[in-house]
Amino acid sequence: MSSVPEMSDADRESLLGLAWLDRGRDAIALTHLQRALALDAGHGEAHRQLAYWHVRRSDFRSAIDHLAMAVAARPSDGRLQEDWRLVRALAGLGHEPVDLPSHPEGRLKFRTRDD
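The structure presented is a predicted model; accordingly, all values stated were derived computationally and were not measured. (Residues numbered from 1 in each chain as written. Predicted model: local features only at pLDDT ≥ 70, side-chain atom pairs only at ≥ 80, totals over all residues. Heavy atoms only, no water.)

Things to note about the packing of helix 1 (residues 9-22) against helix 2 (residues 26-39)
Rules: To get an axis, fit a line to the C-alpha atoms, keeping to the stretch in contact for a helix; angles then go from 0 to 180 degrees between the N-to-C directions. We count a stretch as a helix when DSSP gives it H or I for four or more residues in a row; a strand needs E for two or more, and each element gets its number in order from the N terminus. With respect to orientation, any angle under 35 degrees is reported as roughly parallel, any angle over 145 as roughly antiparallel, any angle of 65 to 115 as roughly perpendicular, and every other angle as oblique. Crossings are classed by handedness, with left-handed meaning an anticlockwise turn of the near helix from the far one by less than a right angle and right-handed meaning a clockwise turn. Residue contacts are defined here by distance: any two heavy atoms, one from each residue, within 4.5 Å place the two residues in contact. When residues are sorted by character, Ala, Val, Leu, Ile, Met, Phe, Trp, Tyr, Cys and Pro go into the nonpolar class, Asp, Glu, Lys and Arg into the charged class, and all the rest, Gly among them, into the polar class.
In contact at an axis separation of 8 Å, helix 1 and helix 2 are set at 165° when each is read in the N-to-C sense. Our classification of the angle between helix 1 and helix 2 gives roughly antiparallel. As for how helix 1 packs across helix 2, the hand of that crossing is left-handed. Of helix 2, the residues touching helix 1 (which contributes Asp9, Ala10, Glu13, Ser14, Leu16, Gly17, Trp20 and Leu21) are Asp26, Ile28, Ala29, His32, Leu33, Arg35, Ala36 and Leu39. Along the lines of polarity and charge, the residues of the contact of helix 1 with helix 2 split into 9 nonpolar, 3 polar and 4 charged.

Shown next as structure tokens:
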């Protein structure tokens, strides 16, 4: 009995996409990454690799979309979040929009140590 977890078909396609990206064969990589997402639309690693594929083409908006989906799949991955911020900066979008809380008096209320 093997202790290695079984890979899904989407995992295999994503790994093949990564391997082809590493070898500079972007067209073949794209095919495998698209297959991975067809098998599992929320596959975080496939979205991450597709984001890098788009960055190579200076298509930062598509890269941001794929990185956002990758972050949604793995929200605790700080590296993905940092990549997302970096690509936003490359796209000229700056920092992520901030969702400011409303306050009943119409003013912002900042947290203090006592809150």
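The discussion continues.
Overview of the pattern of salt bridges
Condition: Definition used for salt bridges: Asp or Glu carboxyl oxygen within 4 Å of a side-chain nitrogen of Lys or Arg. Buried residues are those whose accessible area, probed at 1.4 Å on protein chains only, stays under 20% of the maximum for their type, while exposed residues exceed 50% and partly exposed ones sit between those limits.
Here the structure, examined in full by the defined rule, presents 8 salt bridges. Between glutamate 82 and arginine 85 there is a salt bridge; the shortest N-O distance is 3.5 Å. Here the residue glutamate 82 and the residue arginine 85 both occupy positions in helix 5 (residues 78-90), the gap between them amounting to 3 residues, near one helical turn. Classification of arginine 85 by relative accessible area gives partly exposed; the value is 38%. One network of salt bridges, with partners in common, ties together Glu45, Arg48, Arg74 and Asp77.

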